[in-house]
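Chain residues, written in single-letter form:
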Amino acid sequence: MTRRTQSSLVPVLLVVGLLFAPMLSGCATMATRDASSGKAKNVILFIGDGMGPSHFGAAWLYSNRVLGKNLKMVELMNAGHTAYLVNDTADATVTESAAAAGQIATGQRMTARAISMAADGKTPVRTIMETVKSKGLATGLVTTSGITDATPAAFAAHVAHRSDEASVADQELKAGVDVLMGGRKQFFLPEVSAGVRKDDRNLLDEAEAAGYTVVSDAEELSAATGSKILGLFNMGNMVYEIDRASTMEPSLADMTSKTLSVLSRNPRGFFAMIEGGRIDHAAHRNDAAGMIREVVAFDEAVGVGLEFARRNPDTLVIVTADHDTAGVALIGHSKDSKEYVGIDLAAIGKVTASFEVIAGQLGKNPTPERIKQVTKEYLGIQITDDEAKTVANDTIRKLDPANYSYPYLHSLAFVLRPYLRVGWGSQTHTASPLWAFGLGPGSAPLKGLVHNTQVFDIMKTAME
Ligand SMILES: [Zn+2]
């Protein structure tokens, strides 16, 4: 082909190109459209409360090396999209759960302790759950903490301070959330029925009258057939996963499974928020084994969501955290190691109780002998007399009570450092960046650095 004929072809090709451009771009769109674009009928949002990157890392090591299986979160991460997530708020660089969950639920920066309220403390900010509810979709909130605790509350309630949980309970039911599961039944019952409500109302009776099936243990949950379920499994928080076997409480995976089967009956779709609420609580107490078991239980619930999404590809699954709790560090050395040995997963696997149970066993003023005894019994670790004295003196808490507030537990965790090789920056939340993993329609924007307010945008855009 000569240069002349080449150049004379250019206008022809241009015209052809213009004529076919819409078709070609349509083809290109089709070619690039994968499962992460398009619209979502359902959204399942998993929040690991307090699950920072090292909580995840510890659970990943434990799952692979002790349980012999990978985390479902890794499957999701590999099949979908991953973003680095930051979470600063309107008034702080370190957030608590109310502001963090409010930012995810509304897309607006929030102030500490308020539940989905504008900075004036009086003006409710509309949440993603309220928006989808108004369009006729089904909704669900599930947690292992209290169903009236800040994370679930931020999706369906508006109160000036998160401690107003009696009002949150009332608002969650009034909002008509189809599935509500978790602990803190006390906020649904009047004082005469061992609850804490001052208005003498029994919200369990009211919920039943409003069409809810009210259940209180794993068996009742499994048998429930209604399209609206209120599951309250403990007067306080649900028990830690590490302590659960001797109770009648369902696992987070059980609750997730039931929730998805109930909500998916709605032909318009659903929005569910499933929280691993006690990862945070274990981390606050510097409880390594308790925290890891909570993340693994959370991961099993994510597995249920992932399986649902495989059967229902019009489902957007997002897994993230609200904040890091306690700055976990998986440190290197044992007492006598010359080389890095890292976290002692076998020792963590042998722990039989949460630090909450251990604190109860220690009692108010434990002697060094009692501390040695309890540590041996529940952790299988023989600490020295000097170490037991450090715990009995509660040295760590005395040095920095603002950041280490639980009696004896932080001193115990410090003494356990060279045994378990897990260190703790504090008992408080930290500003550590987090992860967000997403799979399914609308998950593509979960990449790079994302602020947690953008998680709202991603869910909203996917469901529009
Ligand atoms: Zn917390």
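The following refers to the structure shown.

What counts, and at which threshold
Residues numbered from 1 in each chain as written. Predicted model: local features only at pLDDT ≥ 70, side-chain atom pairs only at ≥ 80, totals over all residues. Heavy atoms only, no water. Helix = DSSP H or I, 4+ residues; strand = E, 2+ residues; numbered from the N terminus. Rg over C-alpha atoms; globule rule 2.2 N^0.38 Å. Buried < 20%, exposed > 50% of the residue type's maximum accessible area, 1.4 Å probe, protein only. 1 Å grid on protein atoms, 1.4 Å probe; cavity = no way out; pocket = protein on both sides within 12 Å on 5 of 7 lines; lining within 4 Å. Points joined across faces, edges and corners; volume = space filled by probe spheres on them. Nonpolar A, V, L, I, M, F, W, Y, C, P; charged D, E, K, R; others polar. Polar contact = N/O pair within 3.5 Å; in protein donor to acceptor, adjacent residues only side chain to side chain. Contact = heavy atoms within 4.5 Å. Donors = N, O, S within 2.8 Å, 3.2 Å for Na, K, Ca; no water. Tetrahedral: all angles 85-135°; square planar, octahedral: opposite > 155°, others 65-115°. Pairing = 2+ DSSP bridges. Axes fitted to C-alpha atoms, helices over the stretch in contact; angles between N-to-C directions. Phe/Tyr/Trp six-rings, centres within 6.5 Å; stacked < 30°, edge-to-face > 60°.

**Points about the overall build of the protein**
Step number 1: Helices and strands together make up the secondary structure of the protein, namely 19 helices and 14 strands.
Step number 2: The C-alpha radius of gyration of the protein comes to 25 Å, within 12% of the 23 Å expected for a compact globule of 464 residues.
Step number 3: With the principal axes as the frame, the protein shows a C-alpha extent of 95 × 65 × 45 Å.
Step number 4: For the protein, the proportion of its 464 residues judged to be buried stands at 54%.

**Examining empty space enclosed by the protein**
Step number 1: Applying the stated rule across the entire model yields three cavities of 30 Å³ or more.
Step number 2: Roughly 90 Å³ of volume is contained in the largest cavity.
Step number 3: In this structure, the largest cavity is lined by 13 residues; those nearest its centre are T144, E241, L252, E294 and A297.
Step number 4: When residues of the lining of the largest cavity are assigned to their parent elements, the largest contribution, three residues, is made by helix α12 (residues 288-311).
Step number 5: The computed volume of the second largest cavity comes to approximately 40 Å³.
Step number 6: In terms of lining, the second largest cavity is formed by M51, G52, F56, W435 and F437.
Step number 7: Looking at the lining of the second largest cavity residue by residue, the class counts come to four nonpolar, one polar and no charged.

**Quick look at the side chain of D178**
Step number 1: Residue placement: D178 occurs in the loop between α7 (165-174) and β4 (179-183).
Step number 2: At 2.9 Å, the side chain of D178 forms a polar contact with the backbone nitrogen of T139.
Step number 3: In this view, D178 contacts K133, L137, A138, T139, Y212, S227, K228, I229 and L263; residues no more than four positions away in its chain are not counted.

**Observations concerning the coordination of the zinc ion**
Step number 1: Taken together, D280 (OD), D280 (OD), H284 (NE2) and H429 (NE2) make up the full set of protein donors to the zinc ion, lying 2.1 to 2.3 Å away.
Step number 2: Coordination at the zinc ion is irregular: its four donor atoms span angles of 58 to 153 degrees at the metal.
Step number 3: Of note, the donors binding the zinc ion are all from one chain and are spaced D-x3-H-x144-H. Residue D280 and its partner H284 are both found in helix α11 (residues 279-284); the two are separated by four residues, about one turn of the helix. Neither D280 nor H284 differs from the other in exposure class; each is buried.

**Some points on the sheet that holds strand β5 (residues 213-215)**
Step number 1: Across the sheet, ten strands lie side by side as β5-β6-β4-β3-β7-β1-β8-β13-β2-β14; this open sheet has mixed pairing. Edge positions in the open sheet fall to β5 and β14 (449-451), since each of these has one partner strand only. The average angle at which neighbouring strand axes cross in this sheet is 15 degrees, direction not considered.
Step number 2: Two elements, strand β8 (residues 315-321) and strand β13 (residues 434-439), share four bridges in a ladder whose sense is antiparallel. The residue of β13 that forms the bridge with V317 is L439.
Step number 3: Across the sheet, α12 touches β1 (42-48), β3 (138-146), β7 (270-276), β8 and β13, and the angle it forms with β1 is around 170 degrees.

**With respect to the packing of aromatic side chains**
Step number 1: On inspection of all chains with the given rule, the structure shows six aromatic pairs.
Step number 2: Judged by centre distance (6.1 Å) and plane angle (80 degrees), the ring pair of F46 and F298 falls under edge-to-face. One end of the pair, F46, is in strand β1; the other, F298, is in helix α12, with 252 residues separating them in the sequence. Both residues of the pair, F46 and F298, count as buried.
Step number 3: Plain terms: the ring middles of W435 and F437 are 6.3 Å apart, the flat faces sit at 35 degrees to each other, and that makes the pair tilted.
Step number 4: Of the residues examined, W435 reaches a relative accessible area of 30% and is grouped as partly exposed.

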